[in-house]
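# Structural features, examined
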Amino acid sequence: MDKIRASKLAGKLNGKSVGGWKIIKFIDNGASAAVFKAEKDGIEVALKIIDPELEEKYGAENQEGRIELEKKLIGKKHPNLVRIYDGGRCAVTKYLYITMEFLPGKNLNDYVGKIPKDKIRSIIAQVAEAAKFLEDLELYHRDIKPANIHITDDFNKVVLMDLGILRHISGSGHGTGDQFIGSTKYSPPEFIYGEEEKNTEGWRAK
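Residues numbered from 1 in each chain as written. Predicted model: local features only at pLDDT ≥ 70, side-chain atom pairs only at ≥ 80, totals over all residues. Heavy atoms only, no water.

## Quick notes on the overall build of the protein chain
The helix and strand inventory of the protein chain stands at 6 helices and 11 strands. Its C-alpha atoms give the protein chain a radius of gyration of 17 Å, near enough to 17 Å, the size a compact globule of 206 residues would have. Taken over 206 residues, the protein chain has a buried fraction of 44%. Here the contacts in the protein chain between residues at least 6 apart in sequence split such that 58% fall between residues at least 24 apart. When the accessible area of the protein chain is evaluated, it comes to approximately 11,000 Å², of which 51% is carbon and sulfur surface. Of the side chains in the protein chain, 33 bear a positive and 31 a negative charge, and the two mean positions are spaced by 4 Å. (Helix = DSSP H or I, 4+ residues; strand = E, 2+ residues; numbered from the N terminus. Rg over C-alpha atoms; globule rule 2.2 N^0.38 Å. Buried < 20%, exposed > 50% of the residue type's maximum accessible area, 1.4 Å probe, protein only. Contact = heavy atoms within 4.5 Å. Areas by Shrake-Rupley, 256 points an atom, 1.4 Å probe, with all protein chains shown as cover. Lys, Arg positive; Asp, Glu negative; His and termini not counted. Charge placed at Lys NZ, Arg CZ, Asp CG, Glu CD.)

Printed below as a string of structure tokens:
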């Protein structure tokens, strides 16, 4: 979703509710969604609204399937994985949305070249623990990169975020079929060309 359309959406939703979550403010936009800070029953979340154009391009069923896959993590907790709270089709606005733990602060991309050497091992281990947690649930992330890793200012804790292109380890998924989806800069060649092994070790490349 480009910034212009995200800005227009933000203006339309300011102070309103999506899925029962009241919009507090616009945070940012990504390639597939606009992200807002929202609140319900004293819980603050990051609320992601899926770009309606993706539904037109890939079909509403595919995009709804992606949300349902993320919702499998509702109630599942890991200290290094963003928590998922809610999601679906808003009955009022008709927007497709997902809500997750609100994590203020910076991501690992903001600290590239500034991370103390004695913290690197722990950061890698924590991200690996989050990925292993997903694998144990037969899910894989597909877009692990610095921008999707929240980090505290003291570099002691990281949280893997953005589960928008999550996929089941069986290969079933939604949105783009078997074509490449992710960030080429952080993906191995076999993943980009669709040549990864169709097993657990192959999925780990994603």
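## Describing the side chain of His150
For His150, the location among the structural elements is in strand E9 (residues 149–151). At a separation of 2.8 Å, a polar atom in the side chain of His150 contacts the main-chain carbonyl oxygen of Pro104. Discounting residues that sit within four places of it in the chain, His150 has contacts with Leu103, Pro104, Gly105, Lys106, Asn107, Lys157, Val158, Val159 and Met161. (Polar contact = N/O pair within 3.5 Å; in protein donor to acceptor, adjacent residues only side chain to side chain.)

## Quick word on the nonpolar core
With 31 residues, the main nonpolar core has Leu73, Leu81, Leu134, Ile151, Leu163 and Leu166 as its most contacted residues. Going through the elements one at a time, strand E4 (43–50), helix H3 (60–71), strand E6 (96–101), helix H4 (117–136), E9 and strand E10 (158–160) are the ones with two or more residues in this core. Here this core takes 5 residues from H4, the largest share from any one element. Sequence-distant contacts of Ile151, that is, excluding residues within four places in its chain, are made with Lys106, Asn107, Leu108, Tyr111, Ile123, Lys157 and Val158. Residues Leu9, Ala34, Ala38 and Cys90 belong to the second largest nonpolar core, which totals 17 residues. (Core = buried A, V, L, I, M, F, W, Y, C linked by side-chain atoms within 4.5 Å.)

## Digging into the sheet that holds E10
Paired through their backbone hydrogen bonds, the strands of a sheet run either parallel or antiparallel. Across the sheet, 3 strands lie side by side as E7-E9-E10; this open sheet has antiparallel pairing. Edge strands, defined here as strands with exactly one partner in the open sheet, are strand E7 (106–107) and E10. Two strands pair when backbone bridges link them, and E9 and E10 are joined in this way by 3 bridges, in the antiparallel orientation. Within E10, the residue paired with His150 across the bridge is Val159. Across the face of the sheet, H4 comes into contact with E9 and E10 while running at roughly 30° to E10. (Pairing = 2+ DSSP bridges. Axes fitted to C-alpha atoms, helices over the stretch in contact; angles between N-to-C directions.)

## Some remarks on the environment of Phe191
Looking at the secondary structure, you find Phe191 in helix H5 (residues 189–192). The spacing of Phe191 and Arg142 is 49 residues in sequence and 9.4 Å in space, taken between C-alpha atoms.

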